[in-house]
Amino acid sequence: MATSEEMLQRTGFEQVQFLRDPATGVRAIVAVHDTRRGPAFGGIRRRRYDGLGAALADVLALAAAMTWKCALADVPAGGGKTVILAAPDADDVPDADGAARAAGYALVGRYVEEMGGRYFTGPDVGTTDDDLRLVCRQTRYCASPDADGPGDLGDSTAQGVFAALVATAAHAGRGIDGLHVVVQGLGAVGFRLARLLRAAGARLSVAEPSAATCERAAAELGATVLPLAAALRTPCDLFAPCALGSVLDVAAARALPALAVCGAANNVLADEAAGAALHARGIPVAPDFVANAGALIHGALWHLTGTAPPPERIDRIGDTVRELLARSRRDDVPPGALALDLARQRVDAAPPGPFLPRRRPAAT
Ligand code: NAD
């Protein structure tokens, strides 16, 4: 394995911290990618990983995406992320009674507090409101799910993805009324997005492992329930990935029977080649880190200014997607590559040096 210094240089990261709770053995990684535009923001993901290397790869990709997300959302902040390794892959973790779970969140909370405002955290896949409350007990630099916090971030993400989706459909020459959308994943964001789509007249097909959630979607939204594997094979106008990342590899991109792609899932394209394959087929893809910036915009501006932004601030995501897709068509470049380029330019234009919070004067 590369030394820490080699890893930071190779990846361009400012800081990667490995944490281990000696009592339970639970492990976590906190990564801060780039803070030249402001303090880092990024939620806590908790899941099973195939070892520490897989967890590291995930946290690095997610934290970097947060940097680009902040830059394109015009939020004065940078990218960070935390992953907690859940049992059984962290096979030294006795998880059955929840003690290790709680210890993991408390461990992360203590470290985030120690960072003194250089990194703010919040929810991500695998982290519940109760988990967040454990973090908030340890640090003020976490988005509380309660009345003392910024409010419902999942709602803001769904609102932003909806704005992006309207822009993407319009780019493909379609309105939302009558649009057939396949929503993959009906979690915190996917279900809310499905509701917004239904209210605007879309026809829904959904794929989701939870049978109870599927029943609710069928009853409440008139959705057609698909087997999980059919999500990528069902002809539709728009594919909305709202589960985990890397669902579109080159083979899937070459076969996807959709006119356009726009969803909430982070890092949905497995690699650049998948983006190029969709572009070559004339399928517009709203870059995920642009479309799903609603929670970041809401949470970061709340932390930085003390108030939640107005809904119009999140709807501006639609304008950004519209401009990117138009430029992608004009310049014949995949929209994801364009977005990344633009984000990098904005980050490189920031003053040099990492963001270091001002230390509070010591109590006398
Ligand atoms: P979530 O965990 O609440 O929901 C994910 C859903 O996907 C769950 O209902 C799960 O059962 C389902 N799922 C898992 N495997 C699936 C499969 N193979 N096929 C179909 N469905 C599957 O997560 P979320 O908060 O709704 O986030 C969804 C995605 O959006 C994630 O990639 C997340 O990183 C991203 N995202 C979320 C937010 C936010 O505010 N919550 C913000 C930005 C990005």
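Residues numbered from 1 in each chain as written. Predicted model: local features only at pLDDT ≥ 70, side-chain atom pairs only at ≥ 80, totals over all residues. Heavy atoms only, no water.

## Regarding the site of the ligand
Neighbouring the ligand are 24 residues; Thr157, Ala188, Val189, Glu208 and Ala243 lie closest to it. Between the ligand and Val189, the relevant distance is 2.9 Å, taken from an oxygen atom to a main-chain nitrogen or oxygen of the residue. Glu208 is positioned with one of its side-chain polar atoms (N or O) 2.6 Å from an oxygen atom of the ligand. In isolation the ligand has 830 Å² of accessible area, and contact with the protein removes 76% of it. With respect to the detected pockets, the ligand is housed in the largest pocket. (Near = heavy atom within 4 Å. Polar contact = N/O pair within 3.5 Å; in protein donor to acceptor, adjacent residues only side chain to side chain. Areas by Shrake-Rupley, 256 points an atom, 1.4 Å probe, with all protein chains shown as cover. 1 Å grid on protein atoms, 1.4 Å probe; cavity = no way out; pocket = protein on both sides within 12 Å on 5 of 7 lines; lining within 4 Å. Sits in = over half its atoms within 2 Å of the grid points.)

## Section: the layout of surface pockets
Its boundaries defined by the atoms lining it, the largest pocket holds a volume of some 1,300 Å³. Counting only elements with at least two residues in the lining of the largest pocket, the list comes to strand E4 (44-48), helix H2 (52-72), helix H4 (129-138), helix H5 (153-171) and helix H11 (294-305). Top contributing element to the lining of the largest pocket by residue count: H11, with 5 residues. Of the volumes computed, that of the second largest pocket is approximately 960 Å³. (Points joined across faces, edges and corners; volume = space filled by probe spheres on them. Helix = DSSP H or I, 4+ residues; strand = E, 2+ residues; numbered from the N terminus.)

## Some details on the sheet that holds strand E7 (residues 180-184)
With respect to topology, 5 strands assemble into an open sheet ordered E9-E8-E7-E10-E11, the strand pairing being parallel. At either margin of the open sheet sits one strand with a lone partner, and together these are strand E9 (224-225) and strand E11 (260-261). Alignment of strand E8 (residues 203-207) against E9, held across 2 bridges, turns out to be parallel. When the bridges of E9 are listed, Ser205 appears paired with Thr224. (Pairing = 2+ DSSP bridges.)

## Focus on the packing of H5 against helix H12 (residues 311-331)
For the pair H5 and H12, interaxial distance at closest approach is 8 Å and the crossing angle is 30°. For the element pair H5 / H12, the angle class is roughly parallel. H5 and H12 meet at a crossing whose hand is right-handed. Between H5, through Ser156, Gln159, Gly160, Ala163, Ala164, Ala167, Thr168 and His171, and H12, the contact on the second element is made entirely by Pro311, Ile314, Asp315, Ile317, Gly318, Val321, Arg322, Leu325, Ala326 and Arg329. Looking at side-chain class alone, the contact of H5 with H12 contains 9 nonpolar, 6 polar and 3 charged residues. (Axes fitted to C-alpha atoms, helices over the stretch in contact; angles between N-to-C directions. Parallel < 35°, antiparallel > 145°, perpendicular 65-115°, else oblique. Left-handed = near helix turned anticlockwise from the far one by under 90°. Contact = heavy atoms within 4.5 Å. Nonpolar A, V, L, I, M, F, W, Y, C, P; charged D, E, K, R; others polar.)

## So, the packing of aromatic side chains
Applying the stated criterion to the full structure yields 2 aromatic pairs. Relative to Phe120, the ring of Phe41 lies with its centre 4.7 Å away and its plane at 5°, an arrangement referred to as stacked. Taken together, the residues span a long stretch of sequence, with Phe41 in strand E3 (residues 40-41) and Phe120 in strand E6 (residues 119-120) at a distance of 79 residues. By relative accessible area, Phe120 is classed as buried at 10%. Centre to centre, the rings of Phe120 and Tyr141 are 5.4 Å apart; their planes meet at 85°, and the pair counts as edge-to-face. With a gap of 21 residues between them, Phe120 in strand E6 and Tyr141 in the loop between H4 and H5 connect regions that are remote in the sequence. The exposure classification of Phe120 matches that of Tyr141, with both residues buried. Chaining the aromatic ring pairs together yields one cluster made of Phe41, Phe120 and Tyr141. Against the face of Phe191 rests Arg216, its NZ or CZ located 4.2 Å from the ring centre. (Phe/Tyr/Trp six-rings, centres within 6.5 Å; stacked < 30°, edge-to-face > 60°. Buried < 20%, exposed > 50% of the residue type's maximum accessible area, 1.4 Å probe, protein only. Lys NZ or Arg CZ within 6 Å of the ring centre and 35° of its normal.)

## Looking at empty space enclosed by the protein
The rolling of a water-molecule-sized probe over the atoms marks out the regions of remaining empty space. All chains considered together, the criterion is met by 1 cavity of 30 Å³ or more. Put simply, the largest cavity is a space of about 30 Å³. Along the walls of the largest cavity sit Ala169, Ala172, Arg174, Leu179, Asp237, Leu238, Leu259 and Ala260, which together make up its complete lining. A breakdown of the residues in the lining of the largest cavity according to their chemical character gives 6 nonpolar, no polar and 2 charged.

## As for the nonpolar core
Counting 89 residues, the largest nonpolar core has Leu165, Val181, Val183, Leu197 and Leu238 as its most contacted members. Examining the composition of this core, we find that 11 residues originate from one element, H2, more than from any other. Contacts of Leu238, omitting those with residues within four sequence positions, involve Leu165, Ala169, Leu179, His180, Val181, Val182, Ala260, Val261 and Cys262. Membership of the second largest hydrophobic core comes to 21 residues, among which are Ala207, Leu226, Ala230 and Leu256. (Core = buried A, V, L, I, M, F, W, Y, C linked by side-chain atoms within 4.5 Å.)

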